[in-house]
Amino acid sequence: MDSEHGKRLAQNLMEMLMPYEEELIQLERDAPAFGPLRRAVGIAVAEACYFISDNPAPQEDLAPPANDAASRAR
């Protein structure tokens, strides 16, 4: 999965869950038993936000090129 596709999926998840979280906030005011469900939805939204905003682009090759100056010095 490429990074942009993952970001689109996370954005879709976030947009889908936000109305549920808002409704659960209202329900929790009247019935505290909804608190754990609201927190679980909130965590999913927060993780989706993290993935969208903070997830670095994948790096194809973490090793330096074989012909760089450090390799030639060895």
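Quick caveat, the model's predicted, so the values are computed rather than measured. (Residues numbered from 1 in each chain as written. Predicted model: local features only at pLDDT ≥ 70, side-chain atom pairs only at ≥ 80, totals over all residues. Heavy atoms only, no water.)

Undergrad: Hey, could you run me through the overall build of the chain in this one?
TA: On a plain count of helices and strands, the chain comes out with 3 helices and 0 strands. Each helix and strand of the chain, placed in order from N terminus to C terminus, yields the pattern α-α-α. Considering the chain as a whole, with its 74 residues, one finds that 18% of them fall into the buried category. Relative to all contacts within the chain whose residues are 6 or more apart in sequence, the contacts with residues 24 or more apart total 58%. (Helix = DSSP H or I, 4+ residues; strand = E, 2+ residues; numbered from the N terminus. Buried < 20%, exposed > 50% of the residue type's maximum accessible area, 1.4 Å probe, protein only. Contact = heavy atoms within 4.5 Å.)

Undergrad: Even after reading the chapter, I still don't get the nonpolar core, so can you show me in this structure?
TA: General note: in soluble globular proteins, nonpolar side chains tend to be found buried as a group. In this structure, Ala-10, Met-14, Leu-17, Leu-24, Val-41, Val-45 and Ala-48 together form the largest nonpolar core, which totals 7 residues. Among the elements of the structure, helix H1 (3-30) and helix H2 (35-54) are those that each provide at least two residues to this core. Every residue in contact with Leu-17, bar those within four places of it in the chain, is listed here: Val-41, Ala-44 and Val-45. (Core = buried A, V, L, I, M, F, W, Y, C linked by side-chain atoms within 4.5 Å.)

Undergrad: Just checking my understanding: could you explain the environment of Arg-8 for this structure?
TA: By secondary structure assignment, the location of Arg-8 is in helix H1. Linking Arg-8 and Ile-52, residues 44 residues apart in sequence, is a C-alpha distance of 8.0 Å.

Undergrad: What should I look at first to understand the pattern of salt bridges in this one?
TA: In a structure, side chains of opposite charge can pair up when their charged atoms sit close to one another. Within the structure shown, the criterion is met by 2 salt bridges. The partner of Arg-38 in a salt bridge is Glu-28, and the shortest N-O contact between them spans 2.6 Å. Remark: Glu-28 occurs in helix H1 and Arg-38 occurs in helix H2; sequence separation between them is 10 residues. The network of salt bridges with common partners includes Glu-28, Arg-38 and Arg-39. (Salt bridge = Lys/Arg side-chain N within 4 Å of Asp/Glu carboxyl O.)

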